[in-house]
Amino acid sequence: MPATDARTIGDVAGRLFTAIEKGDAAAVARLWSDDIAVWRAGSRRDDDKARAMRVIDWFIGATTQRRYETLDRRLFDGGFVQQHVLHATGHAGQSISLRVCIVIRVGTHGLIDRIDEYFDPAGIAPLL
């Protein structure tokens, strides 16, 4: 597979985090390949697209506001690594500030085909 260019990778990154901030799950789904594999801290296996989208739907539904504070983003051949703090507010006013490191691979056609997300799962507890 040919490597995805840096401009495409940067565009995909921006569109992904903007879609989540805006609560647009359909836009997230359009950025993911049908055979995406998503792993997050605490998981024993990769999630497929349907399962990973259920997590996105839950997060958007459980929060009224979402904002990414990007600390660092580094592109590599075929993807990027980003460190950020995810700020979110739940329906009862509870808030989280979750520090995350995420590795995202962008395949051909500019679609995300792999996500590995590292965070302390306890940081999401206020939303549960």
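What you see as residue numbers is a count from 1 along each chain, following the sequence as written. Per-residue local features of the predicted model are confined to residues with pLDDT of at least 70, and side-chain atom pairs are confined, for both listing and counting, to 80 or more; whole-chain, interface and lining totals are unaffected and use all residues. Water and hydrogen atoms were dropped before computing side-chain values, which therefore reflect all heavy atoms in the structure.

What about the overall build of the chain?
Secondary structure elements are defined from DSSP: runs of H or I of at least 4 residues count as helices, runs of E of at least 2 residues count as strands, and each element is numbered from the N terminus. When helices and strands are tallied, the chain shows three helices and five strands. Counted from the first residue to the last, the chain has its helices and strands arranged as α-α-β-α-β-β-β-β. For the C-alpha atoms alone, the extent of the chain along its principal axes is close to 45 × 30 × 25 Å. We call two residues in contact when some of their heavy atoms are within 4.5 Å. Long-range pairs, those at least 24 residues apart, make up 52% of the contacts in the chain with a sequence separation of at least 6.

Let's talk about helix α3 (residues 49-62)
An expected span of 1.5 Å times one less than the residue number is assigned to each helix. In this model α3 runs 20 Å from its N-terminal to its C-terminal C-alpha over 14 residues, within 8% of the 20 Å that 1.5 Å per residue would give. Each residue's exposure class comes from its accessible area (1.4 Å probe, protein chains only) as a fraction of the maximum for that residue type: buried when under 20%, exposed when over 50%, partly exposed otherwise. Taken residue by residue, α3 has Lys49, Ala52, Met53, Ile56, Phe59, Ile60 and Ala62 as its buried positions.

Some details on the environment of Gly90
Relative to the assigned elements, Gly90 resides in strand β3 (residues 79-90). Judged by its relative accessible area of 3%, Gly90 falls in the buried class. Between the C-alpha atoms of Gly90 and Arg105, which are 15 residues apart in sequence, the distance is 30 Å.

Overview of the UniProt feature "domain: SnoaL-like" (unreviewed entry) in the chain
UniProt positions are given in the numbering used here, feature names are shortened, and annotations may be inferred rather than shown by experiment. Taking the UniProt record as the reference, the feature "domain: SnoaL-like" (unreviewed entry) is found at residues 15-114. Structurally, residues 15-114 comprises 29% helix and 50% strand, and the distance from its first C-alpha atom to its last is 16 Å.

With respect to the environment of Leu127
By the element assignment, Leu127 lies in the segment after β5 (112-118). For Leu127, a relative accessible area of 8% gives the class buried. Sequence-wise, Leu127 and Asp46 are 81 residues apart; in three dimensions their C-alpha atoms are separated by 23 Å. Not counting residues up to four positions away in its chain, the partners in contact with Leu127 are Trp58, Phe59, Ala62, Thr63, Gly90, Gln94 and Ile96.

Concerning the pattern of salt bridges
By definition, a salt bridge exists where a carboxyl oxygen of Asp or Glu is found within 4 Å of a side-chain nitrogen of Lys or Arg. Scanning the entire structure with this criterion turns up eight salt bridges. Between Arg15 and Asp11 there is a salt bridge whose closest N-O contact spans 2.9 Å. Taken together, the residues Arg15 and Asp11, both in helix α1 (residues 6-22) and four residues apart, mark about one turn of the helix. The exposure class assigned to Arg15 is partly exposed, which follows from its relative accessible area of 42%.

A look at the packing of aromatic side chains
Here the aromatic set is Phe, Tyr and Trp, taking the six-membered ring for Trp, and pairing holds for ring centres within 6.5 Å; pairs whose planes are under 30 degrees apart are stacked, those over 60 apart are edge-to-face, and all others are tilted. Taken as a whole, this structure holds four aromatic pairs when the rule is applied. Feature note: the residues Phe17, Tyr68 and Phe80 constitute an aromatic cluster, connected by ring pairs. Any Lys NZ or Arg CZ found within 6 Å of a ring centre and within 35 degrees of that ring's normal is scored as a charge over the ring. Its end group placed over the ring of Phe80, Arg73 keeps NZ or CZ at 5.6 Å from the ring centre.

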